[in-house]
Amino acid sequence: MNGLTTDQRNFLKEQGIHLKHVFNAEGLKKSEYRLIMKELNMLIAYNVSPCQQEGHTLRTRSGHCCQCNTATIGFQRRNDSAGVVYIAGSIVGETIKIGFTKAEEIRSESLNRTKYAGFNDWQILFTLSSENAGRIETKANSLLRGYSFSTEYRHDDHWVESHETYRCAYSKAKEFVELAYTRESYKVKIEKNNPSNNYEFRNLKKC
Ligand SMILES: [Zn+2]
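Residues numbered from 1 in each chain as written. Predicted model: local features only at pLDDT ≥ 70, side-chain atom pairs only at ≥ 80, totals over all residues.

**Section: the overall build of the protein**
Point 1. Check the secondary structure of the protein and you find six helices and nine strands.
Point 2. The C-alpha radius of gyration computed for the protein amounts to 17 Å, which stays within 12% of the reference 17 Å derived for 207 residues, consistent with globular compactness.
Point 3. For the protein, the spread of C-alpha atoms along the principal axes amounts to about 55 × 35 × 35 Å. (Helix = DSSP H or I, 4+ residues; strand = E, 2+ residues; numbered from the N terminus. Rg over C-alpha atoms; globule rule 2.2 N^0.38 Å.)

**Remarks on the domain arrangement of the protein**
Point 1. The domain boundaries assigned to the protein delineate domain 1 (6–79) and domain 2 (83–199).
Point 2. With centres defined by C-alpha atoms, the gap from domain 1 to domain 2 works out at 23 Å. (Domains from an automatic or database assignment.)

**Topic: unusual backbone geometry**
Point 1. The phi torsion at Asn 47 lies on the positive side, around 60°, for a residue other than glycine.
Point 2. In this structure, Asn 47 sits in the loop between β2 (44–46) and β3 (58–60).

**What to know about the pairing of strand β5 (residues 95–101)**
Point 1. The buried count for β5 comes to seven of seven residues, which makes it a mostly enclosed element.
Point 2. Burial along β5 is two-sided: Thr 95, Lys 97, Gly 99 and Thr 101 and Ile 96, Ile 98 and Phe 100, pointing in opposite directions, are all buried.
Point 3. Note that strand β4 (residues 83–90) and β5 share seven bridges and pair antiparallel. Across the sheet, residue Tyr 86 finds its bridge partner in β5, namely Gly 99.
Point 4. Hairpin geometry of β4 and β5 is characterised by an intervening segment of four residues between the two adjacent antiparallel strands and by a positive phi of about 45° at Glu 94. (Buried ≥ 20, exposed ≤ 12 C-beta atoms within 10 Å, placed from the backbone. Pairing = 2+ DSSP bridges.)

**Here's the deal with the sheet that holds β3**
Point 1. An order of β1-β2-β3 is seen for the three strands of this open sheet, with the pairing classed as mixed. Looking at the sheet topology across the chains shown, the edges are occupied by β1 (22–24) and β3. Mean inter-strand twist for the sheet, computed between neighbouring axes without regard to direction, equals 35°.
Point 2. Examined bridge by bridge, β2 and β3 share three bridges and lie antiparallel to one another. Bridge pairing links Tyr 46 to Leu 58 in β3. (Axes fitted to C-alpha atoms, helices over the stretch in contact; angles between N-to-C directions.)

**Examining the environment of Ala 133**
Point 1. Relative to the elements of secondary structure, Ala 133 occurs in helix α5 (residues 133–143).
Point 2. Residue Ala 133 is classed as buried on the basis of its C-beta count, with 24 C-beta atoms lying within 10 Å.
Point 3. Placed 34 residues apart in sequence, Ala 133 and Arg 167 show a C-alpha to C-alpha distance of 23 Å.
Point 4. Setting aside anything within four residues of it in sequence, one finds Ala 133 in contact with Ser 81, Ala 82, Gly 83, Val 84, Val 85 and Phe 100. (Contact = placed C-beta atoms within 7 Å.)

Here it is as structure tokens:
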């Protein structure tokens, strides 16, 4: 990811923030990046205006300097853990995405409006709600790593890097989501489960 200094990378690592939750807010106003970040479940913005005290350039999506006040990160992370894990599919992209959202109801319009990974035919195929949704999502994504690819796409005249997009069948993604919660015995409530052969893409594992 471009534009992060070594100090910033180290800071994020210490705070346990994965780069997939870090958003390049270059050229965006707070009101703009806040909205996009919420939709894409991003926690920290960089390339923002420097903070007054120290000139730091990492902010939470509500615009607070997270280096002057690291408590703002913990607050956000704790809050982010209960919610919904979903599996979405794009037939055009032959792509599967596993995501996490705090919203009670995840709607494909949100992914399609942001043209996530460059596609706008996303359908939500599976959702579960859980107190541990954040952890389940992280675990499922790490289990599926072998099938991942990342791509940059335009969002409102702005380049965004997509993460957690996979070249694999829906059933493969679902298998790993199930593994992620059964292994830890997390309680989940399956809310949507619409298997469809249209989303049984080829499993393209990286060597
Ligand atoms: Zn600061």
